[in-house]
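Listed below, chain by chain, are the residues.
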Amino acid sequence: MRTALHRRRLSRRATLTGAFAAVALTGGALFGTSVTSAGAAAAPEWPDPQGEKPVSETIPVSGEYDGKMQRFYGEGDLGGGDQEEGQDPIFKLEDGAVLKNVVLGKPAADGVHCMGSCTLENVWWEDVGEDAASFKGESSSATYTVTGGGARKADDKVFQFNGAGSLKVSGFQVSDFGKLVRSCGNCDTQHKRSITVEDVDITAPGKSVAGVNANYGDTATLRKIRIHGDSDKKIEPCIRYQGNDTGDEPDEIGSGPDGKTCLYSESDISYD
């Protein structure tokens with residue numbers, strides 16, 4: 001009887017050991033595997049680039065571009081890494097293009113521009129320049145998909161949504177940032193925009209997950225958002241703005257779930 005009990009205890013200990021082994025150290029933050037209402041999960045480790053490639057002119061992409069986990073960084077005219085507006089991107093994706101397995105190093109200029117529907121798969125920004133990616137398609141049916149990957153050191157925005165259509169970010173991780181996704185608050189031409197952020201790991205410091213223009217009918221749907229290192233809950237999940245097309249700084253008019261613009265419940269967000 002004692003032997004059987006001892007085996008059961010060992011089995012339980014082995015189970016706990018396996019659970020702790022699943023903990024990953026990423027971006028300087030320790031992500032545990034304890035279950036929360038938002039569905040916590042360990043974020044993948046940052047990749048080790050497989051070679052480097054300096055880029056002096058924007059790389060155009062139509063179809064699929066596989067970077068094979070090389071680090072791409074700007075030089076010459078693309079050597080800027082600050083917040084100056086109007087910089088050129090490292091990659092410019094045409095409608096329907098796919099960019100995958102890419103690490104953007106420093107300087108990253110204005111990252112990636114999507115001129116229509118696009119897919120960013122396993123793309124990593126080591127030090128975000130002006131923006132990590134900007135979505136510029138003009139069709140209301142345009143779809144932009146960001147799957148996997150991560151970004152860090154973004155003074156302001158990670159993803160800038162200037163165009164029309166819908167954007168989904170999933171399986172992503174971000175740390176040391178301003179806003180993860182921002183619907184353009186003062187573009188010359190404004191659109192109704194739909195944003196979904198799902199199954200992401202967010203590490204403080206940061207300001208907000210999503211910012212949207214309530215007056216243009218934008219929506220931000222948040223699911224399985226895990227916020228780390230922010231027990232005081234300073235990172236806002238969703239902020240509503242009064243957007244404009246005059247170039248003025250948009251006014252913040254509210255935050256939190258409202259069932260109309262910011263679509264989530266408290267159980268969709270976890271803090272630790």
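The structure this text deals with has already been given above.
Okay, so let's go over this structure.

1. Some remarks on the sheet that holds strand S4 (residues 59-61)
Two modes of strand pairing occur in sheets, parallel and antiparallel, and in both the strands are linked by backbone hydrogen bonds. A sheet is described by the order of its strands in space; here 9 strands give the open sequence S4-S6-S8-S10-S13-S16-S18-S20-S21, paired in mixed fashion. Among the strands making up the open sheet, the edge pair consists of S4 and strand S21 (251-255). Direction aside, the axes of adjacent strands within the sheet are offset by 20° on average. Note that strand S18 (residues 208-213) and strand S20 (residues 236-242) share 5 bridges and pair parallel. Bridge assignment links Ser208 to a residue of S20, and that residue is Glu236.

2. Some points on the environment of Val209
Topologically, Val209 is positioned in strand S18. Separated by 16 residues in the primary sequence, Val209 and Ile225 have C-alpha atoms spaced 8.9 Å apart. The residues touching Val209, leaving out its near neighbours within four places in the chain, are Leu180, Val181, Val197, Ile202, Leu222, Ile225, Ile235, Glu236 and Pro237.

3. Quick look at the nonpolar core
Of all hydrophobic cores here, the largest spans 55 residues; its most connected members are Phe91, Leu120, Trp125, Phe135, Phe159, Phe172 and Leu180. In this view, Trp125 contacts Trp46, Leu104, Gly111, Val112, Leu120, Ala132, Ala133, Gly150, Ala151, Arg152, Phe159 and Phe172; residues no more than four positions away in its chain are not counted.

4. Focus on the pattern of salt bridges
On inspection of all chains with the given rule, the structure shows 12 salt bridges. Two residues, Lys157 and Asp156, come together in a salt bridge whose shortest N-O distance is 2.9 Å. Note that Asp199 is salt-bridged to Arg226, the shortest N-O span being 2.7 Å. Separated by 27 residues along the polypeptide, Asp199 in strand S17 (residues 193-203) and Arg226 in strand S19 (residues 219-228) bring together distant segments of the chain. According to the relative accessible area criterion, Arg226 is buried, its value standing at 3%. Through salt bridges with shared partners, a single ionic network connects Asp131, Asp156, Lys157 and Lys179.

5. Re the state of the cysteines
Throughout the structure, instances matching the rule amount to 3 disulfides. Between the sulfur atoms of Cys114 and its disulfide mate Cys118 the distance is 2.1 Å. One disulfide, between Cys114 and Cys118, carries an S-S torsion of 90° and so falls in the right-handed class. Accessibility assignment for this pair places Cys114 and Cys118 in one class, buried. A sulfur-sulfur separation of 2.1 Å characterises the disulfide bridge that pairs Cys238 with Cys262. Every disulfide takes its handedness from the sign of the S-S torsion; for Cys238 and Cys262 that torsion is -70°, giving left-handed. On the criterion of sequence distance, the pair formed by Cys238 in strand S20 and Cys262 in strand S22 (residues 262-263) is long-range, its members being 24 residues apart.

6. Considerations on the pairing of S20
Burial within S20 is extensive, with 5 of its 7 residues counted as buried. Note that S20 and S21 share 4 bridges and pair antiparallel. Across the sheet, the residue bridging to Arg240 is Gly254, located in S21.

7. Examining the packing of aromatic side chains
For the structure shown, the criterion picks out 11 aromatic pairs. Geometrically, the ring pair formed by Phe135 and Tyr144 is tilted, given 5.2 Å between the ring centres and 50° between the ring planes. Tyr144 matches Phe135 in its accessibility class, with the two residues each being buried. An aromatic cluster is defined as three or more aromatic residues linked by ring pairs; in this entry it consists of Trp125, Phe135, Tyr144, Phe159, Phe161 and Phe172.

About the cut-offs
- Residues numbered from 1 in each chain as written.
- Predicted model: local features only at pLDDT ≥ 70, side-chain atom pairs only at ≥ 80, totals over all residues.
- Heavy atoms only, no water.
- Pairing = 2+ DSSP bridges.
- Helix = DSSP H or I, 4+ residues; strand = E, 2+ residues; numbered from the N terminus.
- Axes fitted to C-alpha atoms, helices over the stretch in contact; angles between N-to-C directions.
- Contact = heavy atoms within 4.5 Å.
- Core = buried A, V, L, I, M, F, W, Y, C linked by side-chain atoms within 4.5 Å.
- Buried < 20%, exposed > 50% of the residue type's maximum accessible area, 1.4 Å probe, protein only.
- Salt bridge = Lys/Arg side-chain N within 4 Å of Asp/Glu carboxyl O.
- Disulfide = S-S within 2.5 Å.
- Phe/Tyr/Trp six-rings, centres within 6.5 Å; stacked < 30°, edge-to-face > 60°.

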